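Analysis of the macromolecular model
As a plain string of letters, each chain reads:
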Amino acid sequence: QILIKINETANKFFTKCLFSTKGSTALSYLKGRGLSLETIKDFKLGLSLSKNDDLVSFLKAEGYEEQYIEKAGLAFRPENKPLVDRFKNRVMFPISNLDDRVVAFGGRSLNSSYGAKYINSAETKVFKKGSIVYNLKNAQKRNKNNSILIVEGYMDVISLANNSINNAVAPLGTSLTKEQL
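Residues numbered from 1 in each chain as written. Predicted model: local features only at pLDDT ≥ 70, side-chain atom pairs only at ≥ 80, totals over all residues. Heavy atoms only, no water.

Now for the sheet that holds strand E4 (residues 90–96). Across a sheet, paired strands are connected by hydrogen bonds in the backbone, their directions being either parallel or antiparallel. The sheet built from four strands is open, its strands ordered E1-E4-E5-E6 with antiparallel pairing. Since the sheet does not close on itself, it has two edges, and those belong to strand E1 (46–48) and strand E6 (118–120), each with one partner. Adjacent strand axes in the sheet meet at a mean angle of 35°, parallel and antiparallel pairs treated alike. Across three bridges, E1 lies against E4 in antiparallel orientation. (Pairing = 2+ DSSP bridges. Helix = DSSP H or I, 4+ residues; strand = E, 2+ residues; numbered from the N terminus. Axes fitted to C-alpha atoms, helices over the stretch in contact; angles between N-to-C directions.)

Next up on the list: the pairing of strand E5 (residues 102–109). For E5, the tally of buried residues reaches eight of eight residues, placing the bulk of the element in the interior. Summarising the sheet, E4 and E5 pair through seven bridges and their orientation is antiparallel. Among the inter-strand pairings, proline 94 is bridged to a residue of E5, identified as phenylalanine 105. What sits between E4 and E5 in their antiparallel hairpin is a turn of five residues, with aspartate 100 showing a positive phi close to 65°. Bridging between E5 and E6 involves three bridges; their strand directions are antiparallel. Bridge assignment links glycine 107 to a residue of E6, and that residue is isoleucine 119. (Buried < 20%, exposed > 50% of the residue type's maximum accessible area, 1.4 Å probe, protein only.)

This part covers the packing of aromatic side chains. In the structure shown here, the tally under the stated rule is eight aromatic pairs. With 5.0 Å between their ring centres and 90° between their planes, phenylalanine 14 and phenylalanine 105 make a pair best called edge-to-face. Taken together, the positions of phenylalanine 14 in helix H1 (residues 2–18) and phenylalanine 105 in strand E5 put the pair 91 residues apart, joining distant regions of the chain. On the basis of relative accessible area, phenylalanine 105 is assigned to the buried category, the value being 0%. With centroids separated by 6.0 Å and ring planes inclined at 40°, the aromatic side chains of tyrosine 118 and tyrosine 154 adopt a geometry described as tilted. Here the residue tyrosine 118 occupies a position in strand E6, and tyrosine 154 occupies one in helix H7 (residues 154–162), the gap between them amounting to 36 residues. By relative accessible area, tyrosine 154 is classed as buried at 7%. Every member of this aromatic cluster is reached through a ring pair, and the members are Phe13, Phe14, Phe58, Phe87 and Phe105. In this arrangement the basic side chain of lysine 41 is found over the ring face of phenylalanine 19, its NZ or CZ atom lying 5.6 Å from the centre. (Phe/Tyr/Trp six-rings, centres within 6.5 Å; stacked < 30°, edge-to-face > 60°. Lys NZ or Arg CZ within 6 Å of the ring centre and 35° of its normal.)

It is worth spelling out the side chain of serine 109 at this point. Checked against the element boundaries, serine 109 lands in strand E5. In terms of polar contacts, serine 109 uses its side chain to reach the backbone carbonyl oxygen of asparagine 111, at 2.5 Å. (Polar contact = N/O pair within 3.5 Å; in protein donor to acceptor, adjacent residues only side chain to side chain.)

The relative placement of two packed helices comes down to the angle between their axes together with the axis-to-axis distance. The contact between H1 and helix H4 (residues 54–61) brings their axes to 10 Å, and the two run at 120°. Considering the angle they form, H1 stands oblique to H4. With respect to the hand of their crossing, H1 and H4 are arranged in right-handed fashion. Contact residues: Ile6, Thr9, Ala10, Phe13 and Phe14 in H1; Asp54, Leu55, Phe58 and Leu59 in H4. A class-by-class count of the residues in the contact of H1 with H4 yields seven nonpolar, one polar and one charged. (Parallel < 35°, antiparallel > 145°, perpendicular 65-115°, else oblique. Left-handed = near helix turned anticlockwise from the far one by under 90°. Contact = heavy atoms within 4.5 Å. Nonpolar A, V, L, I, M, F, W, Y, C, P; charged D, E, K, R; others polar.)

Spelled out as structure tokens, the structure:
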């Protein structure tokens, strides 16, 4: 439960960052992709900041211990160094389980110097990449015709929802697994 609470607290931080003065580039990116403000808020999108420890510092101030922040897949410890954020300068996509609780994140880079275009949280006790489908709970709730549309990624799901197609889901940057099906 603590890992889920940490992820949900992190999501609130990321969302706050997106709608702060530091989020203007990320908001422009999302709006440039055609997303409405309502859709951005509906999917609880956020922004990770560019310093090494923005999230770690916030979570520690909220009372979470470093060991749990690391176990939640949100940070890592370089050899003999302080804990650092896994996500830096990325649009953040919260990944929820079937109980609609945030268990992980996908992050889309806003700057090519921060590594891969998309990365996910590290696998944890509450997040196994090959067993979770992005947006499944929402697609089930909003599904009017009892069907699911499988698309490639986060932005495909969100763009479709932005255009009133609410039954889309996506694997998490992997091949579709039997467990996901």
